[in-house]
Amino acid sequence: MFIQISKSQFLFRDKLAPVFIKPLDSMLSIAFTQSPSMDLFIVLVICLSCLILFSLWNASYGKGKLPPGPTPLPVVGNILQLNTKNISKSISMLGKDYGPVFTVYFGMKPTVVLHGYKAVKEALIDRGEEFSDRGHFPVIEKITQGSGIVFSNGKKWKHTRRFSLMVLRNMGMGKKTIEDRIQEEALCLVELLRKTNASPCDPTSILACVPCNVICSVIFQTHFDYSDQKFQNFIKYFHENFEILSTPWIQLYNAVPLLHYLPGCHKDFFKNFAHQKEFILGEIKEHQETLDINNPRDFIDYFLIKMEKEKHNKESEFTIDNLVITILDLFGAGTDTMSTTMRYGLLLLLKHPEITAKVQEEIDHVIGRHRSPCMQDRSCMPYTDAVVHEIQRYIDLTPTILPHAVTQDVQFREFLIPKGTNILIHLSSILHDEKEFPNPDQFDPGHFLDESGNFKKSDYFIPFSAGKRICAGESLARMELFLILTSILQNFTLKPLVDPKDIDVTPISNGLNSIPPFYELCFIPV
């Protein structure tokens, strides 16, 4: 059968890049001239390659008219053609070749990339509902099973998100009550930093305690002592998983999920999740034993009460499994993302002592030394506000954010994107836009200041994404960044262990997240 196939039957090759058709033509020519005893394995490989290439062509040209992009390899797609240590840079280079809308293959499934402010705004804001689904991310889907806020879709996502936002508002999110909690944690942080006695220290675990404890107060109504080993282990699992998600291995795992059965760092990821789940289930059990349905204390109580009300509804989204994943989503979004931003921010301030000095001068002028910073101070501190914004812009914490997906067949510009297609939002192309932010690769608070030194807003500042899937904890994160950084700089001088000129601020990994290099510093009391 195979030898009788004519090459004319592969006319679809005109739709594919010659770089892959030529090798196939060569293999076919060899096959046609070999004896019938030709190695069966080679024949099967050729047949499989043809089927895969045909399926890719069919997906691109049969169901819809996808945007152009680099031609994928069989099975792995374009993953081997990308720099997995810096996916964002590879996406930027492809954007120059293919424009603001193009297609890449992570594995055998196409992903449409939106590059630049106009394309992202058109999709996430102007047509937000059509681009509101969560795309495939196999390593996390393995543990969430479609539950929670971040990786759910449809009715479950809408109901869980709406309920969670309502409870968070009841618990003081975005209000004075949550600000008071952040201030209390900031004071605890300052005392902990004083105990370092100006000795060199790694700020990683110290900085993670504050945002984690703030969320603990909302979820568990609990404040953990910073030395509590159970609390530190809980933080450690988030930190390790945050870094694992940025490794090249996870990029490859997501492209080829069959790698699940091989050794790799994904095993550590799942093991850490199991420990986190055990911790959460223990807290839920304690809440179930002491629950007062007329007096909810925290997020878990509100959720358990909702479960009780819907216990006869077999289709209810309010289950223990959904509660566990929702809690982990809230911690995951607000703990290591925030602590990594602050850790990266301190590194940038060590690198630029002249900027740090200006912030401290503004703190002395507006706040002084004898009271804690509050959110009302921010409007009187344009330079500090600009520095906080510039930290988020410059570090580009989530260069490509988690994938979206289209909820239906979508006609987007001149392309037809089939329902369920993954959509990759390239935030780097917006936060580092050369026209909006001159010299975008330089750390410059002037990007957010006008000629008179007043704070200047920018529509391009979207580190929390935009549209229907915007980070639910944005207001909390903004509070934490301002209050914690000003509290540190109000009480300490940051002393690097090397000359500031020798400090390297290049991320050690730039996959899903930008991971800053390891460093130590001294907190000198003022």
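Here is what the cut-offs are and how they apply
- Residues numbered from 1 in each chain as written.
- Predicted model: local features only at pLDDT ≥ 70, side-chain atom pairs only at ≥ 80, totals over all residues.
- Heavy atoms only, no water.
- Helix = DSSP H or I, 4+ residues; strand = E, 2+ residues; numbered from the N terminus.
- Contact = heavy atoms within 4.5 Å.
- Buried < 20%, exposed > 50% of the residue type's maximum accessible area, 1.4 Å probe, protein only.
- pLDDT = per-residue confidence, 0-100.
- Phe/Tyr/Trp six-rings, centres within 6.5 Å; stacked < 30°, edge-to-face > 60°.
- Pairing = 2+ DSSP bridges.
- 1 Å grid on protein atoms, 1.4 Å probe; cavity = no way out; pocket = protein on both sides within 12 Å on 5 of 7 lines; lining within 4 Å.
- Points joined across faces, edges and corners; volume = space filled by probe spheres on them.
- Nonpolar A, V, L, I, M, F, W, Y, C, P; charged D, E, K, R; others polar.
- Expected span 1.5 Å × (residues − 1).

J.: How should I be thinking about the side chain of threonine 160 in this particular structure?
T.: Relative to the helices and strands, threonine 160 resides in helix α6 (residues 154-170). Residues in contact with threonine 160, not counting those within four places in the same chain, are Gly148, Ile149, Glu317, Asn322 and Thr326.

J.: Hey, could you run me through unusual backbone geometry in this one?
T.: Non-glycine residue glutamine 221 carries a positive phi angle of around 55°. If you check the backbone angles, serine 465 has positive phi at about 70° while not being a glycine. Exposure remark for serine 465: the relative accessible area of 8% places this residue in the buried category.

J.: I keep staring at the environment of tyrosine 105 and nothing clicks. Help me out?
T.: If you trace the backbone, tyrosine 105 turns up in strand β1 (residues 101-106). Overall, tyrosine 105 belongs to the buried group, its relative accessible area being 4%. Taking the C-alpha atoms as reference points, tyrosine 105 and glycine 77, 28 residues apart in sequence, are found 4.6 Å from one another.

J.: Which parts of the structure should I look at to understand the confidence of the model for the protein?
T.: For any part of a model where pLDDT is low, the fine detail of the predicted coordinates should not be relied upon. Summarising the model, the protein shows a mean pLDDT of 87, and 87% of its residues fall at 70 or more. Note on residues 1-38: pLDDT under 50 across the span, and 39 contacts to partners over four residues away in sequence or across chains.

J.: Looking at this model, I keep getting lost on the side chain of threonine 204. Mind explaining?
T.: Secondary-structure assignment places threonine 204 in helix α8 (residues 204-219). The contacts of threonine 204, once residues within four sequence positions are left out, are His239 and Arg343.

J.: Even after reading the chapter, I still don't get the packing of aromatic side chains, so can you show me in this structure?
T.: Working definition: an aromatic ring pair is given by the centre-to-centre distance plus the angle between the planes. Under the counting rule described, the total for this entry stands at 24 aromatic pairs. Measuring from centroid to centroid gives 6.2 Å for phenylalanine 224 and phenylalanine 279, while their planes differ by 45°, and the two rings are tilted. Taken as a pair, phenylalanine 224 in the loop between α8 and α9 (229-244) and phenylalanine 279 in helix α11 (residues 265-290) lie far apart in primary sequence, 55 residues in all. For the pair phenylalanine 224 and phenylalanine 279, one class covers both residues: buried. For the ring pair phenylalanine 448 and phenylalanine 455, a centre distance of 6.3 Å and an interplane angle of 5° mean the geometry is stacked.

J.: Explain the sheet that holds strand β4 (residues 404-405) here, please?
T.: The strands making up a sheet are joined through hydrogen bonds of the backbone, oriented either antiparallel or parallel. Taking strand neighbours across the sheet as the criterion, the five strands line up as β1-β2-β7-β4-β3 in an open arrangement whose pairing is mixed. The open sheet has two edge strands, β1 and β3 (133-134), and neither has a second partner. As paired elements, strand β2 (residues 109-115) and strand β7 (residues 422-426) share five bridges and run parallel to each other. Paired with threonine 111 across the two strands is asparagine 422, which belongs to β7.

J.: What is the right way to read the layout of surface pockets from this model?
T.: Which parts of space are left empty comes out when a probe the size of a water molecule is rolled across the atoms. What the largest pocket holds in volume is close to 970 Å³. In this structure, the largest pocket is lined by 31 residues; those nearest its centre are Ser92, Ser428, His432, Pro440 and Asp441. Elements with a minimum of two residues in the lining of the largest pocket: α3 (87-98), α4 (117-126), α16 (382-395) and α17 (428-431). Here the element with the most residues in the lining of the largest pocket is α3; it accounts for five residues. Volume-wise, the second largest pocket comes out at about 420 Å³. Surrounding the second largest pocket, 22 residues form its lining, Phe106, His136, Pro138, Asn254 and Asn422 being those nearest its centre. At the level of secondary structure, the elements contributing two or more residues to the lining of the second largest pocket comprise β2, α5 (138-144), α10 (248-255) and β7. Examining the composition of the lining of the second largest pocket, we find that three residues originate from one element, α10, more than from any other. For the lining of the second largest pocket, the residue count by class is 12 nonpolar, eight polar and two charged.

J.: I would appreciate a short explanation of α16 in the present structure.
T.: Turn by turn, an α-helix covers 3.6 residues, leaving residues three or four places apart pointing in a common direction. With 14 residues, α16 ought to run about 20 Å at 1.5 Å a step, and its terminal C-alpha atoms sit 20 Å apart, in line with that. Taking burial as the measure, the 14 residues of α16 include 13 buried ones, the bulk of the element. Downstream of α16 by a residue or two, aspartate 396 has a phi angle that is positive, lying close to 50°.

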